[in-house]
Amino acid sequence: MVKKSLNPLKIDYRKCIVEDRLLQIRNERIIDVADPVKVWTIDIDAKDSKKVVDFIRRFTQPNDPVPLMHVKRIKKKNAEKKILCVLICSVELAREKSEVVSFLQQEVPDLKYSNLENTQRVPRQAAPTKELAVEWSNEYWPLTWYGNPNDQILNDYVFDMDLIKFLLELISSRSRKELQKGNGFPIVTAFVNPRDTKNPIISVDKRDHHDHTLLDHSIMFGIKSVAEREAKRRYQVEKGEKEDAGSVYLCLNFDVYTTHEPCSMCSMALIHSRVKRCIFLQPMIKTGCLKTESGNGYCMHNNRKLNSKYEVFQWIGNEYSTPTIDENVCC
Ligand SMILES: [Zn+2]
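Computed from a predicted structure; not experimentally measured.

**Student:** Teacher, can you tell me more about the overall build of the chain here?
**Tutor:** The helix and strand inventory of the chain stands at seven helices and 12 strands. Once the C-alpha set of the chain is aligned to its principal axes, its extents read approximately 80 × 50 × 40 Å. For the chain, with 331 residues in total, the buried portion stands at 47%. In the chain, the share of contacts with a sequence separation of at least 24, taken over all contacts with a separation of at least 6, comes to 66%. With an accessible surface of roughly 17900 Å², the chain has 51% of that area assigned to carbon and sulfur atoms.

Right under this line is the structure:
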């Protein structure tokens with residue numbers, strides 16, 4: 001993590017563009033939605049606040065599936081009697097009251113508290129603007145303001161621009177060659193293992209080939225190829241033909257470069273494969289499944305209904321031309 005001012009990359013935080021070329025793709029419909037979640041709260045005597053805050057830091061905060069870093073943990077309830085209301089955790093960490101009681105008993109056995117309840121709701125995510133943070137604080141529960149959380153996210157991303165450019169050139173030139181060869185679906189994807197960036201797997205859409213099926217989109221075929229390469233590697237290690245450089249689990253933390261915005265099947269397959277990032281060249285307004293304005297706006301990589309997410313960027317420069325695909329084709 002570097003300070004924003006020291007980041008060597010040029011980042012336009014307002015437009016969410018890195019190096020004038022990589023446009024961050026997010027689900028724009030959920031950016032300013034509080035999506036409140038219920039939380040467990042207790043009332044305590046002010047003198048016990050340190051004890052409870054320690055417990056939260058140690059126990060509930062690291063385990064809570066809802067990151068509540070943007071939420072103040074304590075608010076005054078009765079100033080005269082020095083009673084504080086403390087937010088323990090979200091209901092997604094503990095569904096039942098008995099679970100919270102047992103946490104407290106186990107971790108802070110001598111704490112005296114009252115009113116353990118889950119009637120309070122807090123925004124699930126940090127507000128994107130200070131104004132909204134104030135509004136949500138008034139409506140739900142006091143929040144802290146550390147700046148737009150997406151600025152930090154953008155600042156923390158790591159980009160090897162030379163490698164990105166190399167791979168985009170590779171897939172775009174290959175897609176033009178595929179068109180020349182008569183492939184009716186000149187869609188190309190590169191899968192890059194972060195531990196082996198020199199050997200990307202390049203996969204081409206195969207649904208035009210007589211011995212392949214309609215589901216052999218370049219991404220589906222690429223995922224299959226990653227698994228095949230891993231099976232072969234394990235076999236070679238077993239036979240002593242190759243040194244064991246560590247196994248590959250699905251496509252965990254892979255970067256994926258693709259010529260056209262993936263369809264719902266492929267973007268979901270990337271979720272299941274646990275990729276880290278997808279960079280695409282051409283948006284597919286009717287059939288794509290990543291941009292807010294593409295397809296039905298599902299934004300597969302940044303959808304609250306799914307547990308897993310990945311980063312997505314669109315290359316917005318015109319350096320890498322790719323064949324135009326019919327707008328009704330799923331890529
Ligand atoms: Zn597809």
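On we go.
**Student:** How should the sheet that holds strand β5 (residues 74-78) be read in this particular structure?
**Tutor:** For sheets, the rule is that strands pair by backbone hydrogen bonds, running either parallel or antiparallel. One open sheet holds the four strands; their spatial order is β5-β6-β4-β7, and the pairing between them is antiparallel. Among the strands making up the open sheet, the edge pair consists of β5 and β7 (113-122). Looking at each pair of strands side by side, their axes are set apart by 35° on average, direction ignored. Bridging between strand β4 (residues 37-45) and strand β6 (residues 83-90) involves seven bridges; their strand directions are antiparallel. Following the sheet pairing, Ile44 is matched in β6 by Leu84. Along the sheet, helix α1 (residues 49-63) makes contact with β4, β5 and β6, crossing β6 at roughly 5°. Across the sheet, helix α2 (residues 97-107) is in contact with β4, β6 and β7; its angle to β7 comes to roughly 125°.

**Student:** Quick question: what am I supposed to make of the coordination of the zinc ion here?
**Tutor:** Angles between donor atoms at a metal ideally measure 109.5 degrees for a four-coordinate tetrahedral arrangement and either 90 or 180 degrees for a six-coordinate octahedral one. Within the protein, the atoms that donate to the zinc ion are His217 (ND1), Cys263 (SG), Cys266 (SG) and Cys331 (O), at distances of 2.1 to 2.3 Å. Because the angles between the four donor atoms bound to the zinc ion fall within 96 to 118°, the donor set is best described as tetrahedral. Read in sequence order, the donor residues coordinating the zinc ion give the pattern H-x45-C-x2-C-x64-C. Here Cys263 lies in the loop between β10 (255-260) and α7 (264-273) and His217 lies in the loop between β9 (196-204) and α6 (218-238), a separation of 46 residues in the sequence. Since its relative accessible area comes to 2%, Cys263 is described here as buried.

**Student:** Could you clarify how one ought to interpret the packing of α6 against α7 in this entry?
**Tutor:** A pair of packed helices is characterised by two quantities: the angle between their axes and the separation of those axes. Two elements in contact, α6 and α7, have axes whose closest approach is 8 Å; the angle formed by their N-to-C orientations is 25°. Regarding the angle of α6 to α7, the classification is roughly parallel. Across from Ile219, Met220 and Ile223 in α6, the residues of α7 making contact are Met265, Cys266, Ala269, Leu270 and Ser273.

**Student:** Sorry if this is basic, but what is going on with the UniProt feature "domain: CMP/dCMP-type deaminase" (unreviewed entry) in the chain here?
**Tutor:** Annotation from UniProt places "domain: CMP/dCMP-type deaminase" (unreviewed entry) at residues 179-281. Helix makes up 32% of residues 179-281 and strand 25%, with an end-to-end C-alpha separation of 16 Å.

**Student:** Please clarify how a nonpolar patch on the surface should be interpreted in this entry.
**Tutor:** A surface patch of nonpolar side chains, about 300 Å² in accessible area, is lined by Tyr249, Leu250 and Leu252. For Tyr249, the location among the structural elements is in the loop between α6 and β10. Judged by its relative accessible area of 52%, Tyr249 is exposed.

**Student:** Just to check I follow, could you spell out the pairing of strand β12 (residues 311-315) for this structure?
**Tutor:** Looking along a regular strand, one sees the side chains alternate between the two faces of the sheet. Counting buried positions over the five residues of β12 gives five, a clear majority of the element. Residues Glu311, Phe313 and Trp315 line one face of β12 and the alternating positions Val312 and Gln314 line the opposite face, and both faces are buried. The sheet contact formed by strand β3 (residues 22-24) and β12 spans three bridges and is antiparallel. Across the sheet, residue Leu23 finds its bridge partner in β12, namely Gln314.

Analysis parameters
Residues numbered from 1 in each chain as written. Predicted model: local features only at pLDDT ≥ 70, side-chain atom pairs only at ≥ 80, totals over all residues. Heavy atoms only, no water. Helix = DSSP H or I, 4+ residues; strand = E, 2+ residues; numbered from the N terminus. Buried < 20%, exposed > 50% of the residue type's maximum accessible area, 1.4 Å probe, protein only. Contact = heavy atoms within 4.5 Å. Areas by Shrake-Rupley, 256 points an atom, 1.4 Å probe, with all protein chains shown as cover. Pairing = 2+ DSSP bridges. Axes fitted to C-alpha atoms, helices over the stretch in contact; angles between N-to-C directions. Donors = N, O, S within 2.8 Å, 3.2 Å for Na, K, Ca; no water. Tetrahedral: all angles 85-135°; square planar, octahedral: opposite > 155°, others 65-115°. Parallel < 35°, antiparallel > 145°, perpendicular 65-115°, else oblique. UniProt positions renumbered as here; feature names shortened; annotations may be inferred. Patch = residues over 30% accessible without salt bridge, like charges linked within 9 Å, V, L, I, M, F, W, Y side chains within 5 Å. Salt bridge = Lys/Arg side-chain N within 4 Å of Asp/Glu carboxyl O.

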